[in-house]
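Close look at the chain arrangement
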Amino acid sequence: MTADEVVFFVNGKKVVEKNADPEMTLLVYLRRKLGLCGTKLGCGEGGCGACTVMFSKYDRFQNKIVHFPANACLAPICSLHHVAVTTVEGIGSVKTRLHPVQERIAKSHGSQCGFCTPGMVMSMYALLRNKPEPTIEEIENAFQGNLCRCTGYRPILQGYRTFAMDGGCCGGKGGNPNCCMNQKTDHTQVTHSPSLFNPEEFMPLDPTQEPIFPPELLRLKDAPRKQLCFQGERVTWIQACTLRELLDLKAKHPDAKLVVGNTEIGVEMKFKNRLFPLIVCPAWIPELNLVEHRQEGISFGAACPLSLVEKTLAEAVVELPALKTEVFRGVLEQLRWFSGKQVKSVASIGGNVITASPISDLNPVLMASGAKMTLASQGTRRTVRMDHTFFPDYRRTLLSPEEILLAIEIPFSREGEFFSAFKQASRREDDIAKVTCGMRVLFKPGTTEVKELAVCYGGMANRTISALKTTQKQLSKEWNEQLLQDVCASLAEELHLPHNAPGGMVEYRRTLTLSFFFKFYLTVLKKLGKADSKDKCGQLDPTYDSATLLFQKDPPANVQLFQEVPEGQSAEDMVGRPLPHLAASMQASGEAVYCDDIPRYENELSLRLVTSTRAHAKIKSIDTSEAQKVPGFVCFLSADDIPGSNITGLFGDETVFAKDKVTCIGHIIGAVVTDTPEHAQRAAQAVKVTYEELPAIITIEDAIKNNSFYGAELKIEKGNLKKGFAEADNVVSGELYIGGQEHFYLETHCTIAVPKGEEGEMELFVSTQNTMKTQSFVAKMLGVPENRILVRVKRMGGGFGGKETRSTVVSTAVALAAHKTGRPVRCMLDRDEDMLITGGRHPFLARYKVGFMKTGKVVALEVDHYSNAGNTMDLSQSIMERALFHMDNCYKIPNIRGTGRLCKTNLASNTAFRGFGGPQGMFIAEHWMSEVAVTCGLPAEEVRRKNMYKEGDVTHFNQKLEGFTLSRCWEECLANSQYQARRSEVENFNKQNCWKKRGLCIIPTKFGISFTLFFLNQAGALVHVYTDGSVLLTHGGTEMGQGLHTKMVQVASRALDIPTSKIHISETSTNTVPNASPTAASVSTDLNGQAVVKACETILERLKPIKKKNPHGSWEEWVKAAYENSVSLSATGFYSTPDLNYSFETNSGKAFHYFSYGVACSEVEIDCLTGDHKNLRTDIVMDVGSSLNPAIDIGQVEGGFVQGLGLFTMEELHYSPEGSLHTRGPSTYKIPAFGSIPIEFHVSLLRNCPNQKAIYSSKAVGEPPLFLAASIFFAIKDAIRAARAQHGTYNMNELFRLDSPATPEKIRNACVDKFTTLAVTGVPEDCKPWCLRV
Ligand SMILES: Cc1cc2nc3c(=O)[nH]c(=O)nc-3n(C[C@H](O)[C@H](O)[C@H](O)COP(=O)(O)OP(=O)(O)OC[C@H]3O[C@@H](n4cnc5c(N)ncnc54)[C@H](O)[C@@H]3O)c2cc1C
Ligand code: FES
Ligand code: FES
């Protein structure tokens, strides 16, 4: 067969690809072939939205041009014939004109690191192309498939709300209760800036200006189509035009894979190493795209995208009587919480059915409703109802190999028929279900006697199942309490899950099956009550009513308050003003350059790491013979190739490549170097390593048992513990665990190494927070002096501590490859590799004992902390030290001892993560504090306040608290949140609702500012002034979205008294500022800011005589004169924090330069039946001193808070008992999404609190707010307490353990009731669970 051309359009330009490879995605094509790097790779599996583009095509079946968002990472270029693609570059540019969608996200501060921004822009753009004035709800829904790790989402929504017909800013005209203008003054009458941005500055959206659909494609709309064939290196793609062609092909090649949306197959090819040599695409076939309204229901051709199914059913629900659309509403409920729009627009209904995933959301609904499936093969056609026989086994259907699914008919419901669908996942948006189900009952006419009952589940076996045994028994029974009890007892028996079932959470999943049926039972009861007021089967208890309500989200309401700059501050002085991130516009237009966006060198090679699949083992052999056969293979690198030292790491306890032994799964053994990343992936997979296994230590408990620790015990002790406990009225002791956290920066680790060919010189472009260690580790490995290695960082797509040290494991290997081959080498980790190899936040286990008086006053505290450090020391000691420094959180405890041990385990080394041990230490403190309050029977906020430090108090590490603003934050937060009034509202709500409970909690934080390794508290800056007066500013800090460069430009602008527009920061590099400390510990603004000021002062000092001579001259004139008088216009600045000298030995000296403070109050609502929760409202008051930039600081507060929300309520890493990480991508590891943030989010920066210790009276802000999200955790615990008191034999004073994160599983299991009791199964002694708590 001769290969055809793929013809498509990108941003209006025609692209003709003669050699289309079916394995190539649009993302790779855009970035590598077309050089359009605005579209980003964040995950490669449709889960983050960073690669969002818009597709436009003439839809022959709907007879119109359609525009929809899609994931470029999943779209094969072969599927794009006659499609017009719009990327972020195609809609606007900083060089010409930004599109309003780009402008608004930039100006509303919705772009921090900017790596997610092009995807956000394109999701919004696609929505506006279809609906120029959307509703707020439509805007929120448009982002269901987009993730951001930096902003906390609020600014993105707020900026884009200005496009909404019902939520845009009304300019203070009172049209909108959420209008930012309403916040002009607060109750203390201090004037605040009205808004962080001014919507009046925004360009209007003019839909008539959008690029038109390519006329050439429009002309082809009626042209006959012919079968196409594309031939790649390993795969052939046939685009079939008619059903006949398709059936003939299937008859001839039964093994051929059908691909429609590629959302399933694409992921299998990329991440599961699956190869499908023949792909047939049926997307053009009319019969497979047909939507027919029939007698008994609506029939959808199997290739219909889910978005079309959703739209058609939604229209039917509006048009038809409610009794006919019960099933439709069930399907719509499932599709509402399905993937994002990008996936739903391309994924087909048939693809979902045939994938036969055990957790498919549609299949249980289709099975319960008895949907009809039409199957076809050459010469035959048959229709079957989907029932329990449809999925005979794991990922199998009853289709024969040559058969295809032609259509699916979703039935109308009938009189007396009721239907519900439920799904529970870790996160509402875009998450696969833990358990999902469809339930249907048909009553005999005019009765409540069951005629038919179907209860079908996903997530309870290796396929979709129908609980036949249970449902059969209910026929002819009345719909009453007895039936409910029988069904629950029977389901508990019928639905078995082995203890090691994939996905774990066995008891939770079993409980959910009962909870869902209970919800269905109540919902039907409610509907029956409505349909017929006669009491046929018992009435719904009003306190049960809320259990039947489907999850609804209220429109968001936000308030951000900050202090305006003092009157009289010059308009040019930008310090204290909400200046947008300086790169925001470029980030929004896709023009900001990240490491992997650097154009490829002509002779560039790709590297892929080869990592261990065993946690602890001797390497017996490494066989690269198969890898060498992969096209483009260049070499394999191992420890033997290293010219300098293989020893690396902060403490010299690591190797660049494992030599004889591996100590974790993901341990780097070697690397393959090839011509392309795809070949590198294949070659790396082909390297065969054999092992001799050794016993592995995975968990903290294992390490304690085996005495496996790094270093000695760390300890801080003060007062007399024995005496303290003796005096106490009460002593409580216990254990608590807080899980780890993955950084999930949107940009994974990336390095390009370019050998310079002279005297060992090498230039590295790295996504790192640590230029210095990157340089020194490479130099050591190559055996060259550090002065030969140049490390350059333009910006990172997020760091959060994950690129403080672990980036070096990639950069050092890439440098070796560049050295060895003499060619530029690039490596950007895939998301699954990144998560596997580079570690995250340390899990902590604490054993505590607290002594306190009846009044709630704490008198003694002892906490033993254990962290899971993993297979190397890395930063674990400093992290534990910070945990010990923060074990008091904000409370004065006279007698105290904290110890810390670093568990040495066979997991990938854990490392720095925003907060750096502080959140773990403080979380444990708030846990025992809440137990003190419960035990004393006192309000928690009262006990917290009673124990809180005061100005001048001394901490347990003997540091005096000066400028202690926490009390002000606390009082203000109590007032802003109307805490007391809401407390009684919560109690009322809880009385009136049996299965939904609310909780409220206020939590303070105090965060010590300084590196605890004291010499790191230093920074350098370099200022060049050029003869035109423009300034090139360089400092040692790296930009990762936190706005450091923006703040430094603001600082330099004030110091030099020139506008910010004259100052530019290009990059961070080792040849401008040497020996720079990592950008970490929240201190980069403080340290680099002071260094910048010093450098500026040197320049100003030199300019003094010139200015004196010409006092009314301009900056440009003075600079010119200085040059002409041979005055140097280049200066360095250096700063180090004074007086830091704490000693653990003596527990004396100063540990921190100062402290940052904040308080948050959060209210949540939990669904006791499912474990779901809603974040109703959060109020934060944060002391950031005199803010340098309130927009950036509020961005840090909100972004940090939402990251903390992930830590404490959502993000869960699952490890197998063998130490293998199950959670390696966004499909399995859930970070907060748009819908996760508090519905009402109020953030206020404390006024009038200048901090004399830092630059221009500001304070550090990066890490301190993260812990405030613990207010959500403890509000959840408060709600669970109310639930337990209602259902169990518990009372409100009972203590119970809730480890972090408070996931739906933990919440549900803690809400003990009759269903959890039924679902309990004894765990056999020898059972090996699916995952372990590490
Ligand atoms: C980010 C993301 C989120 C997701 N979220 C969810 C979710 O919440 N719930 C859920 O249930 N699923 C979810 N999925 C799974 C996926 O979207 C669905 O299974 C989807 O409907 C598959 O359709 P597709 O057209 O993309 O399938 P493809 O990948 O193109 O094909 C899938 C399979 O179906 C076969 N097939 C397709 N059409 C036919 C036909 N007509 N006859 C015979 N065989 C056929 C193919 O051969 C292949 O084996 C998600 C996927 C992603 C990537
Ligand atoms: S990169 Fe495509 S969705 Fe994440
Ligand atoms: S700004 Fe969204 S991921 Fe960084």
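Use the structure listed above.
In this report, we go over the structure that sits alongside the text. Note that the coordinates shown come from a computational prediction; the quantities given were computed from them, not determined experimentally.

Focus: empty space enclosed by the protein
- What the rule picks out here adds up to 13 cavities of 30 Å³ or more.
- Each pocket or cavity is described by its volume, and for the largest cavity that value is around 140 Å³.
- Forming the walls of the largest cavity are 16 residues, and the residues nearest its centre are Met835, Gly839, Asn910, Tyr1215 and Leu1221.
- A class-by-class count of the residues in the lining of the largest cavity yields 9 nonpolar, 5 polar and 2 charged.

Some details on the side chain of Arg1308
- Within the secondary structure, Arg1308 sits in helix H35 (residues 1304-1310).
- We classify Arg1308 as buried; its relative accessible area is 0%.
- A polar side-chain atom of Arg1308 sits 3.3 Å from a polar atom in the side chain of Ser515.
- A distance of 2.7 Å separates a polar atom in the side chain of Arg1308 from the backbone oxygen of Leu1169.
- Sequence-distant contacts of Arg1308, that is, excluding residues within four places in its chain, are made with Tyr508, Thr511, Ser515, Cys1168, Leu1169, Thr1170, Gly1171, Asp1313, Phe1315 and Thr1316.

Some remarks on the nonpolar core
- Core analysis: the largest hydrophobic core is formed by 299 residues, its most contacted members being Tyr457, Trp479, Phe517 and Trp928.
- For this core, the leading source of residues is helix H16 (residues 506-531), giving 13 residues.
- Once residues lying within four places of it in the same chain are set aside, the contact partners of Trp928 are Tyr848, Val850, Val858, Leu861, Val863, Met887 and Ile893.
- Counting residues in hydrophobic clusters, the runner-up holds 57 residues, among them Ala240, Leu243, Ala256 and Val384.

A few points about the site of ligand 1
- What surrounds ligand 1 is a group of 31 residues, the closest being Leu258, Val260, Thr263, Ser348 and Asp361.
- Within the backbone of Leu258, one N or O atom sits 2.7 Å away from an oxygen atom of ligand 1.
- Asn262 places a polar main-chain atom, nitrogen or oxygen, 3.0 Å from an oxygen atom of ligand 1.
- Protein chains shield 92% of the accessible area of ligand 1, which is 1,000 Å² for the free molecule.
- Where the shell around ligand 1 is concerned, the elements lending two or more residues are strand E8 (257-258), helix H12 (349-355) and strand E14 (404-411).

Some details on the packing of aromatic side chains
- Going through the model one piece at a time under the given rule, you end up with 41 aromatic pairs.
- Plain terms: the ring middles of Phe443 and Trp479 are 5.6 Å apart, the flat faces sit at 80° to each other, and that makes the pair edge-to-face. With a gap of 36 residues between them, Phe443 in strand E16 (residues 433-443) and Trp479 in the loop between helix H14 (468-473) and helix H15 (481-494) connect regions that are remote in the sequence. For the residue pair Phe443 and Trp479, the accessibility class agrees, reading buried in each case.
- One aromatic cluster is present, formed by Phe885, Phe957, Phe964, Tyr1142, Phe1144, Phe1152, Phe1155 and Tyr1157 through successive ring pairs.
- Over the ring of Trp337 we find Arg428; its NZ or CZ atom is 4.8 Å from the centre of that ring.
- The ring of Tyr594 has Arg795 lying over it, and the distance from NZ or CZ to the ring centre is 5.7 Å.

Criteria and cut-off values
- Residues numbered from 1 in each chain as written.
- Chains lettered and ligands numbered in written order.
- Predicted model: local features only at pLDDT ≥ 70, side-chain atom pairs only at ≥ 80, totals over all residues.
- Heavy atoms only, no water.
- 1 Å grid on protein atoms, 1.4 Å probe; cavity = no way out; pocket = protein on both sides within 12 Å on 5 of 7 lines; lining within 4 Å.
- Points joined across faces, edges and corners; volume = space filled by probe spheres on them.
- Nonpolar A, V, L, I, M, F, W, Y, C, P; charged D, E, K, R; others polar.
- Helix = DSSP H or I, 4+ residues; strand = E, 2+ residues; numbered from the N terminus.
- Buried < 20%, exposed > 50% of the residue type's maximum accessible area, 1.4 Å probe, protein only.
- Polar contact = N/O pair within 3.5 Å; in protein donor to acceptor, adjacent residues only side chain to side chain.
- Contact = heavy atoms within 4.5 Å.
- Core = buried A, V, L, I, M, F, W, Y, C linked by side-chain atoms within 4.5 Å.
- Near = heavy atom within 4 Å.
- Areas by Shrake-Rupley, 256 points an atom, 1.4 Å probe, with all protein chains shown as cover.
- Phe/Tyr/Trp six-rings, centres within 6.5 Å; stacked < 30°, edge-to-face > 60°.
- Lys NZ or Arg CZ within 6 Å of the ring centre and 35° of its normal.

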